[in-house]
Structure formats: structure tokens, C-alpha cells
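This is what each chain is made of:
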Number of protein chains: 2
Amino acid sequence: MKKEQRISYPASHKIYVKGEIHGVEVGMRLVTLTDTVNIVNGEKVTEKNPPVTVYDTSGPYSDRNVAIDITKGLPRLRQKWIEERRDTERLDGFSTPYGNMRPEDGRRFPAVHMPRRAKDGQPVSQMYYARQGIVTPEMEYVAIRENLQNGELGIKTAITPEFVRGELAAGKAIIPANINHPEAEPMIIGTNFLVKINANIGNSSLMSGIDEEVEKALWSCKWGGDTLMDLSTGAHIHETREWIIRNTPVPVGTVPLYQTVEKLDGNVERLDWEIYRDTLIEQCEQGVDYFTIHAGLLRSHLPLLKGRTTGIVSRGGSIIAGWMTRRREENFFYTHFEDICHILKQYDAAVSLGDGLRPGCISDANDAGQFAELSVLGELTRTAWKHHVQVLVEGPGHVPMDRIAVNMEEQLRTCHGAPFYTLGPLTTDIAPGYDHITSAIGAAQIAWYGTAMLCCVTPKEHLSLPDREDVRAGVVAYKIAAHAADLAKRHPGAPLRDYALSKARFDFRWRDQFNLSLDPEKALEYYRIGRLGDDSGHCTMCGPHFCAMKLTKEMNNCIKQKPDEV
Amino acid sequence: MKKEQRISYPASHKIYVKGEIHGVEVGMRLVTLTDTVNIVNGEKVTEKNPPVTVYDTSGPYSDRNVAIDITKGLPRLRQKWIEERRDTERLDGFSTPYGNMRPEDGRRFPAVHMPRRAKDGQPVSQMYYARQGIVTPEMEYVAIRENLQNGELGIKTAITPEFVRGELAAGKAIIPANINHPEAEPMIIGTNFLVKINANIGNSSLMSGIDEEVEKALWSCKWGGDTLMDLSTGAHIHETREWIIRNTPVPVGTVPLYQTVEKLDGNVERLDWEIYRDTLIEQCEQGVDYFTIHAGLLRSHLPLLKGRTTGIVSRGGSIIAGWMTRRREENFFYTHFEDICHILKQYDAAVSLGDGLRPGCISDANDAGQFAELSVLGELTRTAWKHHVQVLVEGPGHVPMDRIAVNMEEQLRTCHGAPFYTLGPLTTDIAPGYDHITSAIGAAQIAWYGTAMLCCVTPKEHLSLPDREDVRAGVVAYKIAAHAADLAKRHPGAPLRDYALSKARFDFRWRDQFNLSLDPEKALEYYRIGRLGDDSGHCTMCGPHFCAMKLTKEMNNCIKQKPDEV
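Since we're looking at a predicted model, the values are computed, not measured. Along every chain, residues carry numbers that run from 1 in the direction the sequence is written. A letter from A marks each chain and a number from 1 marks each ligand, given out in the order of writing. Per-residue local features of the predicted model are confined to residues with pLDDT of at least 70, and side-chain atom pairs are confined, for both listing and counting, to 80 or more; whole-chain, interface and lining totals are unaffected and use all residues. Values reported for side chains reflect all heavy atoms of the structure, with hydrogen atoms and water molecules removed beforehand.

## Examining the pairing of strand β2 (residues 25-31) of chain B
Residue and element names in this part refer to chain B.
- Of all seven residues making up β2, six are buried, and the element is well covered by its neighbours.
- The sheet contact formed by strand β1 (residues 12-18) and β2 spans seven bridges and is antiparallel. Bridging across to β2, Lys18 finds its partner in Glu25.
- Linkage of β1 to β2, two consecutive antiparallel strands, is achieved through a turn of six residues, within which Gly23 is found at a positive phi near 70°.
- As paired strands, β2 and strand β5 (residues 52-54) are joined by three bridges and run antiparallel to one another. Along β5, the bridge assignment pairs Val31 with Val52. Exposure classes here rest on a 1.4 Å probe applied to the protein chains alone. A residue is buried below 20% of its type maximum, exposed above 50%, and partly exposed in between. Numbering of helices and strands starts at the N terminus; helices are DSSP runs of H or I of at least 4 residues and strands are runs of E of at least 2. DSSP calls a pair of strands paired once it identifies at least 2 bridges connecting them.

## Points about the relation of the copies chain B and chain A
- Least squares is used to superpose the copies, and the fit set is the C-alpha atoms of residues whose pLDDT is at least 70 in both copies. The transform that puts chain B on chain A rotates by 180° and translates by 0.0 Å along the axis, for an RMSD of 0.0 Å. What the superposition gives is, in effect, a two-fold axis relating one chain to the other. Measuring from the rotation axis to each C-alpha of chain B, the shortest distance belongs to Ile441 of chain B, at 2.3 Å.
- For this analysis, residues touch if any pair of their heavy atoms sits within 4.5 Å. When the interface residues of chain B are mapped onto chain A, 100% of them are again interface residues, pointing to one common binding face.

## Let's talk about the interface of chain B and chain A
- In this complex, chain B contributes 112 residues to the contact, which on the side of chain A involves 112 residues.
- Its salt-bridge partner being Asp402 of chain A, residue Arg490 of chain B comes within 2.6 Å of it at the nearest N-O pair.
- Any N or O atom pair separated by 3.5 Å or less is treated as a polar contact, with the protein-specific requirement of one donor-capable and one acceptor-capable atom, and with residues adjacent in sequence counted only for side-chain atom pairs. The interface formed by chain B and chain A contains 16 residue pairs in polar contact (both at pLDDT 80 or more).
- Side-chain classes are defined by residue name, with Ala, Val, Leu, Ile, Met, Phe, Trp, Tyr, Cys and Pro counting as nonpolar, Asp, Glu, Lys and Arg as charged, and the others, Gly among them, as polar. Within the side of chain B that touches chain A, the residues separate by chemical class into 57 nonpolar, 31 polar and 24 charged. Think of a salt bridge as a Lys or Arg side-chain nitrogen and an Asp or Glu carboxyl oxygen that are within 4 Å of each other.

## A word on the sheet that holds strand β15 (residues 391-395) of chain A
All names here are of chain A.
- One closed barrel holds the eight strands; their spatial order is β10-β11-β12-β13-β14-β15-β16-β17, and the pairing between them is parallel. This sheet shows a mean twist of 25° between the axes of neighbouring strands, independent of strand direction.
- Axis angles are defined between N-to-C directions and span 0 to 180 degrees, where every axis is a line fitted to C-alpha atoms and, for a helix, only to the segment in contact. Contacts from helix α6 (residues 210-223) reach β10 (196-201) and β11 (227-230), with the element oriented near 165° to β10.

## Concerning the confidence of the model for chain A
- Of the residues in chain A, 95% have a pLDDT of 70 or more, and the chain-wide mean is 93.
- For this predicted complex, the interface confidence comes out at an ipTM of 0.96, alongside a pTM of 0.96. Values of pLDDT, the confidence the predictor places in each residue, fall between 0 and 100.

## Concerning the packing of helix α15 (residues 435-449) of chain A against helix α16 (residues 468-488) of chain A
Residue and element names in this part refer to chain A.
- It is at 8 Å that the axes of α15 and α16 come closest, and there the two elements cross at 25°. The angle between α15 and α16 falls in the class roughly parallel. Remark: the crossing between α15 and α16 carries right-handed chirality. When α15 is examined against α16, the residues His436, Ser439, Ala440, Ala443, Ala444, Ala447 and Trp448 are found in contact with a partner set consisting of Ala473, Ala477, Tyr478, Ala481, Ala485 and Ala488.
- Within the contact of α15 with α16, the residues separate by chemical class into 11 nonpolar, two polar and no charged. Roughly parallel covers angles under 35 degrees, roughly antiparallel covers those over 145, roughly perpendicular covers 65 to 115, and oblique covers all other angles. A crossing counts as left-handed when the near helix is turned anticlockwise from the far one by less than a right angle, and as right-handed when that turn is clockwise.

## Looking at helix α15 (residues 435-449) of chain B
Residue and element names in this part refer to chain B.
- How far a helix is expected to stretch is found by multiplying one less than its residue total by 1.5 Å. Taking 1.5 Å of rise per residue, 15 residues should cover 21 Å, and α15 covers 21 Å from first to last C-alpha, within 8% of that figure.
- Across the 15 residues that make up α15, a large majority, 13, are buried.
- Downstream of α15 by a residue or two, Gly450 has a phi angle that is positive, lying close to 140°.

As C-alpha cells, this is what we get:
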């Protein structure tokens, strides 16, 4: 793997906006634009176009002034903030055997950092601080980040650090920020903020190595993934994750059950609380920012699945359901949920309450099993909040459009305003190979209704592990869905980028149009196919006689010359 | 070009369902499925899976028993029905100079058919017959076609020929069926029917030849395009269209203004009613099934566009607006609209009332200009209906999700229930290169609200002319949007395909899953990437330990063996 990885965007440079409370420096991307040139009455009239600030998930990779070395990991941005709170301590070693026992086979990440943990088992979560009335640097950071375009519009800051604090205290938003992942830039997930997207990466036992997963991680950050889940289930899970966490500027989530089952060589029956607990601590000390835990699926739910077409399609859900069936015991995630919270709060790892019974096809949507589990997730939300553990609630799945709204309504009613995090939903089953599209339709809609984060689906969903290009396709499709929802929710700064891009389009400032787009490289590639060396203010879609924008400009000039005669 | 073009689908064969009134034979695709095999208590238990009927837009190309010769054109399915009505006559030649004058340069379609026209200027439209209480073969045909999956579900036919007649008579649906395009299989466009999609093809002066356009036409029919618009603006417009119409089993639409302007070498100012009228007649006699005519854009609307970011983005709209501005005359489409109707009714060509002022960006959505034009379209709808001319009304464009519903509501209110036909809408401007996705999100939503037909947007929208692969990407994205809307509208037969595909997925009947999908070739291609030669009931997404469906099956078997102990 190349040590110096970089992310770049055309006509862009990195700026930092400084906070007034803690002096945090929030990285953003500034896209510079060329001038508008119009010919009015035969004369050239130029007009400046102000640069546009774009929400930036690429972290230090897009800052030429920061040294990057993949074998050392990213700069530890939050280290000082965490230390200055003086409520955590650095441990002398990893608390679990696995953390120390890993083989020295060349796969190991070279730069080992000793983990931190809360002093005396105290909570150190952003929710805890928020409830104490404390505005942390993390809160100030996300407030600045969320407002990025308001200043350009002359809007007085709508999202203040104090507003962020209030949302966190109420559980209506989370900042996933494990104290052992200080490399991550703070970001916030909640209904009252920009809609976020998560990209899944991870190998399986059949495919992909560490290099490839790190590449996919950076690729996701490049195209706009706000968080990253490492769903590896194959070999070297710990090492893969270490390379990813140390090099990722966004929060990282996992499903710890996967590694636990790998430790047991797939022998699910041997699964128990002790080995799971060790894995959870191992991952907390590595710096995982949020964990999907399928604690809401109970034994009593299983008979509700009888009529289902596709049974259980959540991997975690199916494992724990199989375990309950074989062991004839209640779900140990549920029975040990307070123990789980006791661990998470000491590292500020958030819990993402998994929906093990999410529907896997249209005909299973919104059934009794799904909603029975959701109601338990509501109960668990309150339990986690009692321990000041930050909570996400996961949602479907496959749902036809007319039955999406009720999912959001039920989640809001049942889960007390905790942010919803959905996989799509896919609005039809009949398009394998295009499920980034079947699901972007549902994702845009549910995000408009209030879902805080969308989990990307790639074109290879149901068919194969995604490669780098699939991650790009999935992330861009979901950036579209998230942004469409931000527009529909009337987020004040959201339309600025659309406006600036469309103005560039009307001006035939092609490069500006592409530079402002979600995927400048793709836009340029398609444009070049159509150019045939011609650059005369129209494209091959229409040819010279039929360009509506050119004709409109001519008409406008005609009107300007004889304004009274129109 | 190869004379014998074919369209094929895996595990599929053509069936014909016969009508009881006129004996029409409606082609459909039957997908045969393999058996479900389960191991229960160590024994193999098999279960038959009934074949699934799929709506088929591929016409005779997918029927091995029909001889295909591109240089001769498709069989003339409706010829006999038209002749038997005895209200039309075959002309001895084309009525317009251009129809006869075309050059013999080898591009000309070899098999010339003399055109038909109504006797004595009488209406011969499906709307006219419907209003007379006549159920035509076309009406019976579409009724059978729309019900395709109800029989399999044991649902008594919901859509009767009489229901079709009623919808046509009321103007709430249209069957685009020019008497000079007897090759086309009847299909219906209306809110109370399956949502349809249109694909645009056509060259520009800068790109693409006749062969390529015919290929794109068949490609669209293969992937599910219900109608086809030939938007050619380059050379050989008449010849290109002739090849397309003679070989296309779906209705074909055009914007006759484009050819008119090409006849004037782009000199818009010379445009007048006479040359347009000739072009309209030329195209009616060729067999164009519906015409986009921008008759609702009036001089008084132009001042409403002052604050727009992207002005007029409709090609037709910008041409006629420029003409009005230069000539200081009212839109001649509007002033001659009754003359237009008088022509169209003699061929049963439908009018698609163009929205010349559709918004071209998010910030122009739903503005005064757009709705002022829509209100004129409502007035023109009534005028066309007076002449028994079938009407579609075109809609936007670029609209954020929260402002889509009002477009549908206004159209319904203003246009008296005439079917709505929208371009997307695109729900954000910021993703050139992905506008099939930005627009599929809006298209699915507006179709759910009642839009009858969706105009496909390809990934190259705004950037270049689409090629064959772009047509495929656009058509499949729009089939997804249309089907998602059919599900949301609770069309009774719609969920059957989803169900059968998902059951196949759960059974690991991979081939059945792909054969039932919108793009079996793409699904198979992605699946193969993930297989690595392994065929053991799980895929590379999850590997052997983590396949939720495999685990669910194991759990179900476990429950079956000890049912009382769960």
C-alpha cells in the first residue's frame, strides 16, 4: 500500500473555520468559481461568482499541508480535548487477551497507541457532558460544520453550540466519538441536522484484503461518506479494523458479533456473554465509535415470523435468533444490556440498536415482528440514556413507498426521538444490480420524513461484496438522497450549491458546473464523450440550433435591446 | 445493420392471451421457475413454483415464430382492425411535398406504405370511439395487457374493456395509436393503469446515425420502455424516423418543431404556421403516435421569467419564446390550436401538451411562469377533447421533494384529469452524471401521486447524447420508479413479481431470482464476480458463517424438529 494517500477535488482548497469558544478549527472545502461573462449590446460584461463552501468528509487527506503516512495513522485531532477533560486515563495495555495476543505476521498496524478509559467507571460521553450543561469542543466543531453555507447566504447562524448541546442532552442527536478514535473529525447525527450517510466496507472470508479495505475507506471519505462501518467477517478482522480506524477521519462503526463468531469459527452455539464482552472491550479500546447490537430481538418474537417470505435477513439478527433457538435462552444482548452500557459509557462508544427483524422483501414489510422489535428498541433507548450512552435506532430494509411514513412515525413514537438510521429502504425487490437506485428512492423519502442517517446500498447488494467503484456508486447515490432530503426539509443553506451549479450551467461555465457537482470526475468524463473537440456554448445533446439555454440567452439579449416591445 | 434483430430474455417464452370480444392476441412474457428444494428432517422436499407473467414491450422481436426483417418493418398488427372500421382511406401518395421529395440516397427505408387518413375529415381517435360507446380491439388489447398478473393471483379481472372505454371517453387515459403506425402494440397511459415510461432517443447534428438510433429503439423496448420519443435534430430526420416507426412495437412520439426548424436551417424567425402544418401532416402520415406541442407558452408569460436562474430549458419552449420575442406575435401553436386538432383527429395522433416553462433547476421550481402555462394547458385540453383528440399533459423538470405534490394537485385541478407525463422531476441539481438517480427519486414519488407516464432521464442528461448503455441505465432506473409507484398505488398484480423474486432469493434459486429481475444480465454479471466458482448456498457478501438466509433456514429446521421448545 502506498504510504502517502491523498484525496483531491478540482478547483478546491481546504479552509479552516475557527471556533470562538474552544478555538476548534473546522475543515471545509472551498470551491472557487470563474466569472460569468455575458455579451450585452455587443459588450463583454463580467460578474464575479463567489466561492462555495462544501461539507468535507475527506479530513486531512485533502490538505497538502498535513503529512500523511498510512503506517503511522492520521493526526490525533481530539487527543488534547480528551486529555484536557481529565476524566480518562491511559492504560498500560489492552484489557482483553485478544488485544495483546495478536500475531506479529506483518499485517499488524505498526504504530501502537495504548488505549484510554474513563476513570472510576464514570461516563465520558458527549451526552453526559451535554446533560451537565457543558459545551465540548466536539459540540462547537459540529455546530460550525453544520452551518457551513448559512454565512454565505447572510443567514445568522441557525445551529449554535448550545443548540447542539440541547439536542445531545435530549438524545435527539449523537456525536459518535470514542475517546480512542481521536483521529475522527466530530460530526453529528440527528433529525435537526444535515442528513448523514454511512458506507459499509469490510471483507468476507471469501474476498478482499486489508489494503483493499483501507482503499475503500478512503474512497468512501472522498465521495462524501459521513461514517463508515467495517463489517468484516473474514480473516484478520482486528488488524483490518486497526488500519481503518487509525487512518479514517470519520466515525467508524462495527457489529462486534461478527468478530465474536469468527473467534468461535462460526460455532454459534458456543457464543456467550463473556466472549462477546471481551470483544466489545477489545473494540472499544481500539476506538470503534458505534456498535450495532441486536438487543431488541426476543424469543417471543420468533413465532411472529412464521408467514415471512424471506425470514430474517439481518446477519446479526439471524445469528442471535439461531442462538436463542438452539440454546433455548433469551437474547443475551437484551439480558446483559445494562452491562453493555456500563462498558460503552467508559469510552463514549455509541450503541446503534440493530433491527434484526427488518423486512427483507416487500411482502414482509411492516409486519408484527418488525414492530414488536421496534418497541423493545424504544425500551432499550431509555436504558442506554440512563447510562448516558448515545443511541441510534436502526430501521428497514424493504418497504413500498406508501408504507414508509408509518416506519418513521412508529420510530418517533416508540423511541422517544432517538435518531433513526435506515438501510434504504428498498422500494421494490425486482432490480438486483440496481439496488442503490431502488433504495435511494426510499432513502430520500424517509430522510425527508426525519431519518437522521442513511446506510448506503451499493449496486452489488444481494449479489457480491462491493468493490471500490461500487462504494463510489453507492455513496454518490446516497449523497443525492441525503441532499434531496435536506432540500425538502428546507435546511437553510442546502439550496446554495444547487443554485451555484445551475447558474454555472446556464452560463456555460462547464468546469464550474462539474467542480460543484458530487462527482466532478464522472461529469467531466461524460461531457468529454459529447464534446468532439467543440467548445462553443452548446453540447451534443442539442447541437447548435436546439440549445435551450443558448436560445434563452439570445432572447434575453433581444428583450434587453428592445424592452418595451416584448 | 443486421436485418434480423432479436430480443431475448433468459428462461422466458412468449405467450399470447386471446380476447373474447375481438379475438385480439396479447403478447406477454412467461418466466418459468425451478422448484424449491428444502431439506426437512434429512429428506428432500420439493415444491413447484408457478411461472410468472411479465409485461412485455419487446413485441415480435422476442417471438421466434415471427420473421423479422428490419428493411421490411414489423408485421402490421392493427392494419385489419383499422381497415375494418371503414372510416379511413388509403391515399395515393403523401399529402406534403416533403413526404414525396426525399432523396434516394440509400438512407431511405425500402418498404414504402401509402398513408391512411380519415374519410371526410371525421375523427378516428380511440377517444371518439370510446365516446360512441364502442369497445375497439385496441381497448380490449390494453385491458388484457393491464391485468396480466391478476389471474395468477386469482383476482377477478379488475380492468375490463368497458372500464378502459370509460377512462378514454373521459380523457383520463389515452391509447396512442396513429392509424399509420399499425405495427405498434396498443398500450394505455392513465392514472388508473400501470405507470408507463418513455425513453428518448434521437440524433443531434453532432452525433449518431440511423443504425445507432434503431439499435437504441430496440434496446429501449428490450429493457421495458413503453413508448419512445424520437427527438432527432440532426440530419436525415425523416429517414431516421421512418426506420424507427416501421420497426418499433411501441408508440412513437416526436416534437415536430425540431424538424421544422431543421428545414429552416435553424432560422427560427422564418418559422410560420404553414411550414409547421406541413411537417405535422408529414409526420401524421408517417405514423407518429403523439406530438409534443408547446402551445401553452404565451407572450404574456415571458415577463414572469425575469428572476429565473436557468431561464427556459425546454428546447421547444425556448424556440417558440424566441420566435414570439423576435416576431412580436402570439405563439402560433396557440392561435392555430384548433387547426392542429383538426389534423390530429384524422390520424388519431395524440397531443402531448409541452411544458415549455418547466423549471430547469431547484430554484426555479413551481414559479409563476410554470403554473401560468399549466393553466393554459388546461384550456387547451378542453379544446382538444372537443375535437376528440387524445391528450397528455407534460410536467417538470427540477423540483425538490416537498414541492412535488403540489405539481400533481395543480395538474389534476387545472387539466380535468388528463394524464400527466413528467420528466423526472430531478430532486436536486448537484449530481450531473447521476441524473437518472436524482430524477428516479422524484419520478417514483410523482407517479405514486398519480402521474401516468414518466420520461426517462439517462446518466448523460445535461452532458451528452445518450448511447445504448445510457438508454439501458435510464430505462431500468425508470422501470424501478414506475414499479415502485405501482406497488405504492397498490395495483393488485404488482407485488407478485417482487414476491416470486424474493422467494427465489430465500431459496437460493439464484437463476430464478435473476430471470425475474428487470435486468437479468446485469444481475448475473455481478453475481459471477462474487462467486469465485463456489455454488454452495451463500454468496461473497457474507461468506459461509454469516449468511442470514442460510442461518434462518437452519433455525426453521431446528424449530420444525422441536416445535414446542422454541
